[in-house]
Amino acid sequence: MLKAVIFDVDGTLAETEEVHREAFNIVFKQAGVGWFWSPEQYRELLKVTGGKERIRHYAQTESMTDISDEDIASLHRLKTMRYAELLPHAATLRPGVERLIDECLSRSIRLAIATTTTEVNVDALDRAVGGALRLERFESVVGGITVPEKKPDPKVYQVALEKLGLNPDEAIAIEDAEAGVTAARGAGLRCLASPSFYTIEHDLSKATAVIESLADRGDGKPVTVDYLEMLAD
Ligand code: XBP
């Protein structure tokens, strides 16, 4: 029986990756490191999950071996601040997200978040969309600070399940990216996947089902709680 839905954030709740990219680039410019991530580059760089990990990976590809963990942490801290400033001008929830959250709440389906992004970014997203996420009704928000092991590691989903006190067969994950699907499946969860702007070419074949969006499964019908309950491995 379905008791909870665990949502990914970036690309699943909202198309936020362009905002992350812009925030990274502003901070790189201010810091004078001479880096700029184009959308094409960023598509590749997204294979490295987590902002700090992405910066470290890029520094290595640029042969910048003397960059310290403190330098990376400082760039990332500034990027998180910049992201929160940019978000209100850019964020809208993806189609069908608000409707599904409302239906879950009205049917006593519990809600949680499992993301690699920094936890404060989830609050920033809820504020940017005027509280439409209903974040105060989510029982747990597990992110990259709580769980340093980033997706595709299943840890973030395992911790979300622990916090809910549920077995994997009592919940379902909603994801947009290959690493996220791998993480959810690794934790034993069913996983509904809906590709986003940056993950359109990802291999989502490990998902229980792949749909266009939460508003349109591909046949014009939205994702409902009944549909989620029906999804089985
Ligand atoms: C997506 C990510 C994140 C963001 C950056 O996370 O890979 O790393 O791009 O976030 P998810 P931070 O899809 O799991 O929400 O800079 O805060 O790490």
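Residues numbered from 1 in each chain as written. Predicted model: local features only at pLDDT ≥ 70, side-chain atom pairs only at ≥ 80, totals over all residues. Heavy atoms only, no water.

Some thoughts on the sheet that holds strand β2 (residues 110–114)
Pairing is parallel across the open sheet formed by six strands, whose spatial order is β3-β2-β1-β4-β5-β6. Strand pairing shows two members of the sheet lacking a second neighbour, β3 (140–142) and β6 (209–210), which therefore form its edges. Relative to strand β4 (residues 171–175), strand β1 (residues 4–7) runs parallel, the two being bridged by four bridges. Residue Val-5 lies in a different strand from β4, and its bridge partner there is Ile-172. On top of the sheet, helix α7 (residues 155–164) reaches β1, β2, β3 and β4; it is set at about 150° to β2, its chief contact. (Pairing = 2+ DSSP bridges. Helix = DSSP H or I, 4+ residues; strand = E, 2+ residues; numbered from the N terminus. Contact = heavy atoms within 4.5 Å. Axes fitted to C-alpha atoms, helices over the stretch in contact; angles between N-to-C directions.)

Considering the site of the ligand
In the vicinity of the ligand there are 18 residues, among which Gly-51, Lys-79, Thr-115, Thr-116 and Thr-118 approach most closely. Contacts to the ligand include Asp-10, whose backbone N or O atom sits 2.9 Å from an oxygen atom. Contacts to the ligand include Thr-116, whose side-chain N or O atom sits 2.7 Å from an oxygen atom. For the ligand, whose unbound accessible area comes to 450 Å², protein coverage reaches 95%. Looking at the shell around the ligand, the elements with two or more residues in it are α1 (17–31), α3 (51–61) and α4 (69–90). Residue composition of the shell around the ligand, grouped by class: two nonpolar, ten polar and six charged. (Near = heavy atom within 4 Å. Polar contact = N/O pair within 3.5 Å; in protein donor to acceptor, adjacent residues only side chain to side chain. Areas by Shrake-Rupley, 256 points an atom, 1.4 Å probe, with all protein chains shown as cover. Nonpolar A, V, L, I, M, F, W, Y, C, P; charged D, E, K, R; others polar.)

Observations regarding unusual backbone geometry
Here the bond from Lys-151 into Pro-152 is cis, since omega is 20°, no more than 30 degrees from zero. With respect to the helices and strands, the residue Pro-152 is situated in the loop between β3 and α7. The phi dihedral of Ser-108 falls on the positive side, at around 60°, and the residue is not glycine. Positionally, Ser-108 belongs in the loop between α5 (97–106) and β2. Of the residues examined, Ser-108 reaches a relative accessible area of 62% and is grouped as exposed. One non-glycine residue with positive phi stands out, namely Arg-134, at about 60°. Looking at the element boundaries, Arg-134 is found in the loop between α6 (119–128) and β3. With relative accessibility at 25%, the residue Arg-134 sits in the partly exposed group. (Buried < 20%, exposed > 50% of the residue type's maximum accessible area, 1.4 Å probe, protein only.)

Overview of the packing of α1 against α4
For the pair α1 and α4, interaxial distance at closest approach is 8 Å and the crossing angle is 130°. Taken together, the axis directions place α1 and α4 in an arrangement best described as oblique. Relative to α4, the crossing made by α1 is right-handed. Counting all contacts with α1, which are made through Val-19, His-20, Glu-22, Ala-23, Phe-24, Ile-26, Val-27, Gln-30 and Ala-31, the residues of α4 involved are Leu-75, Leu-78, Lys-79, Arg-82, Tyr-83, Leu-86, Leu-87 and Ala-90. (Parallel < 35°, antiparallel > 145°, perpendicular 65-115°, else oblique. Left-handed = near helix turned anticlockwise from the far one by under 90°.)

With respect to the side chain of Ser-140
Within the fold, Ser-140 resides in strand β3. Exposure remark for Ser-140: the relative accessible area of 7% places this residue in the buried category. In this view, Ser-140 contacts Leu-111, Ala-112, Ile-113, Ala-160 and Lys-163; residues no more than four positions away in its chain are not counted.

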